[in-house]
Amino acid sequence: MIAPVVAVDRQGPDPLHKQIYDGFRTAIVLGNLRPGQRVPSSRSLGEELKISRLPVLNAYGQLTAEGYFESRTGAGTFVSESLPESLTICKQTPPPAASISSGPRPIARRSLLLPEYQRPLWAGGWGAFSLHQPAFDHFPFPIWSGLLMRHSRSPRWGAIHNVDPLGSETFRQAICDYLRTARAVRCEPGQVMVVSGSQHALEISARVLLGKGSAIWMEEPGYWLARKVFSGAGCRMVPVPVDEEGLMVSAGIKRCPAARAVYVTPSHQYPLGATMSAARRMQLLNWAQSAGSWIIEDDYDSEYRFESAPISSLQGLDGNERVIYIGTFSKVLFPSLRLGYLVIPRDLVGHFSAVRSAMDIFPPYLYQEAITDFMREGHFARHIRKMRLLYGERRTALVDSLRERLGAKVKVHGAQAGMHLAITLPEGFSDLEVANRAAGKGLWLWPLSPSYLGKSPRQGLILGFGNTAVEEMPRAVSQLRAMLER
């Protein structure tokens, strides 16, 4: 139990027990101590304050008698769950932000570039169609917990004192072994930086590569969280349309031939799911080389393809080191790990490391150590194979149910890979209205229109199927149909 701030003055006019009483009562009145919160034992508080136990006992006795404290046999002393009624009168509450008037309160202009954070109603649910939810019940948690226990009980001393901004070298080697084999990425451990997810990777990349006013091509529609990063960096975002072959490079060249960078999801375009064709990939690489521009490749769920072998990375085709490659463990393991990685061109490693060390110095080691063993002992490869089969079954069940229950009313996009697909709706529908109404019924539909930068977005829905069982799919699609019919 952490001792609250209670000051005692041995030379003060009030006796010690009165000072302790006043300190606790003030902390409760101000809300610094809350109902049900445990307080230190009289012995430990006496030791903390370097006084005898007797004044503490006297103060606790008075606080208990007046209803501020309650004693629970075998558990200790707690702030009372039913505080005196007078506290509802005395308790101070902070003024609302609008009424604060303490003089100028300047903030950075770049923070004003970002909209106020508000989690949409349709983004907060758990269940059918919610995005970014793997099949948690199929993850080998017993193996995972054993690896965490192994490294918690017997940690490597080098890992405990690891201050490398790139991350654990053994983990980076395991990442390289995987990427070279599964994604045809050209990399060495010295080019890999461990980050806390793709958003962190994008923020570091923006700080290194882009400045205020820098133009960057963005897929239209595209990943809305990436847009937040580049907006916050003060970039000028240039929407470039996508079709069945991915990003339309010729349209990007026509709109902004000298853009500093492009953000692209070539293996499974988010959100429409197209795979960038070989011709478009070479066209994009040639443009980047001739324009002196950078390609930020987000390879967020390339492990899961259902109708063909995995597609090689764009980075693996790049002979001029123009691609910054981003990957994450959020989809293949689980999102709350907050672990991802960057593969950085060799001449930029020093710049990325300098930015990283200024942001958070280096990543925490424990999960890196555990995932290293998870990969090297074969658990990672087995898990991906198992999930590929499972998600393939769930994808098929969703597509079949959509065709059976909605037929030609909707068009399905991007069902060949990943953990989501998109459907576009006929004219007259508002996907935001549908999504908000559905959330009230426990159906988590992500609207397509917020993925557009332009003023004429297509209306549609993005449906995740990773955490929805095959047998649940027909019922969920029936709910969707009922929602659309309303």
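Note: the structure precedes this text.
Bear in mind that the values here come from a model prediction, so they are computed numbers and not experimental data. (Residues numbered from 1 in each chain as written. Predicted model: local features only at pLDDT ≥ 70, side-chain atom pairs only at ≥ 80, totals over all residues. Heavy atoms only, no water.)

### Description of the pairing of strand S3 (residues 76-79)
And step 1. One ladder, built from two bridges, connects strand S1 (residues 38-39) with S3; its direction is antiparallel. Residue Arg38 lies in a different strand from S3, and its bridge partner there is Phe78.
And step 2. Sheet analysis places strand S2 (residues 69-72) next to S3, joined by four bridges and oriented antiparallel. For Glu70, the partnering residue across the bridge sits in S3 and is Phe78.
And step 3. From the end of S2 to the start of S3, which pair antiparallel, there are three residues, and Gly74 there has a positive phi angle of about 80 degrees. (Pairing = 2+ DSSP bridges. Helix = DSSP H or I, 4+ residues; strand = E, 2+ residues; numbered from the N terminus.)

### So, the sheet that holds strand S8 (residues 261-264)
And step 1. Strand order in the open sheet made by the eight strands is S4-S11-S10-S9-S8-S5-S6-S7, with mixed pairing throughout. The strands lining the two open edges of the sheet, one partner per strand, are strand S4 (192-195) and strand S7 (246-247).
And step 2. Here strand S9 (residues 294-298) pairs with strand S10 (residues 323-328) via four bridges, running parallel. Bridge pairing links Asp298 to Ile326 in S10.
And step 3. Where helix H9 (residues 224-232) meets the sheet, its contacts fall on strand S5 (215-220), strand S6 (236-243), S8 and S9, and the angle it forms with S5 comes to roughly 165 degrees. (Contact = heavy atoms within 4.5 Å. Axes fitted to C-alpha atoms, helices over the stretch in contact; angles between N-to-C directions.)

### Brief notes about unusual backbone geometry
And step 1. The omega torsion across Glu220 and Pro221 is 5 degrees, close enough to zero to call that bond cis.
And step 2. Considering the arrangement of structural elements, one finds Pro221 in the loop between S5 and H9.
And step 3. Residue Pro271 follows Tyr270 across a cis peptide bond; omega there is 10 degrees.
And step 4. By the secondary structure assignment, Pro271 is in the loop between S8 and helix H11 (278-291).

### Quick word on the pattern of salt bridges
And step 1. Inspection of every chain in the model, using the stated rule, returns 18 salt bridges.
And step 2. Ionic pairing is found between Glu70 and Arg72, a salt bridge with its closest N-O pair at 3.0 Å.
And step 3. For Glu70, a relative accessible area of 23% gives the class partly exposed.
And step 4. Here Asp164 makes a salt bridge to Arg172, at a shortest N to O gap of 3.3 Å.
And step 5. The exposure class assigned to Arg172 is buried, which follows from its relative accessible area of 5%. (Salt bridge = Lys/Arg side-chain N within 4 Å of Asp/Glu carboxyl O. Buried < 20%, exposed > 50% of the residue type's maximum accessible area, 1.4 Å probe, protein only.)

### Examining helix H7 (residues 169-182)
Along an α-helix, residues three or four positions apart point the same way, because every turn accommodates 3.6 residues.
And step 1. The terminal C-alpha atoms of H7 lie 20 Å apart, and with 14 residues this matches the ideal 20 Å at 1.5 Å per residue to within 8%.
And step 2. Turning to H7, its buried residues are Phe171, Arg172, Ala174, Ile175, Cys176, Tyr178 and Leu179.
And step 3. On its buried side, H7 packs onto S4, S10, strand S11 (340-343), helix H13 (366-376) and helix H14 (379-405). (Expected span 1.5 Å × (residues − 1).)

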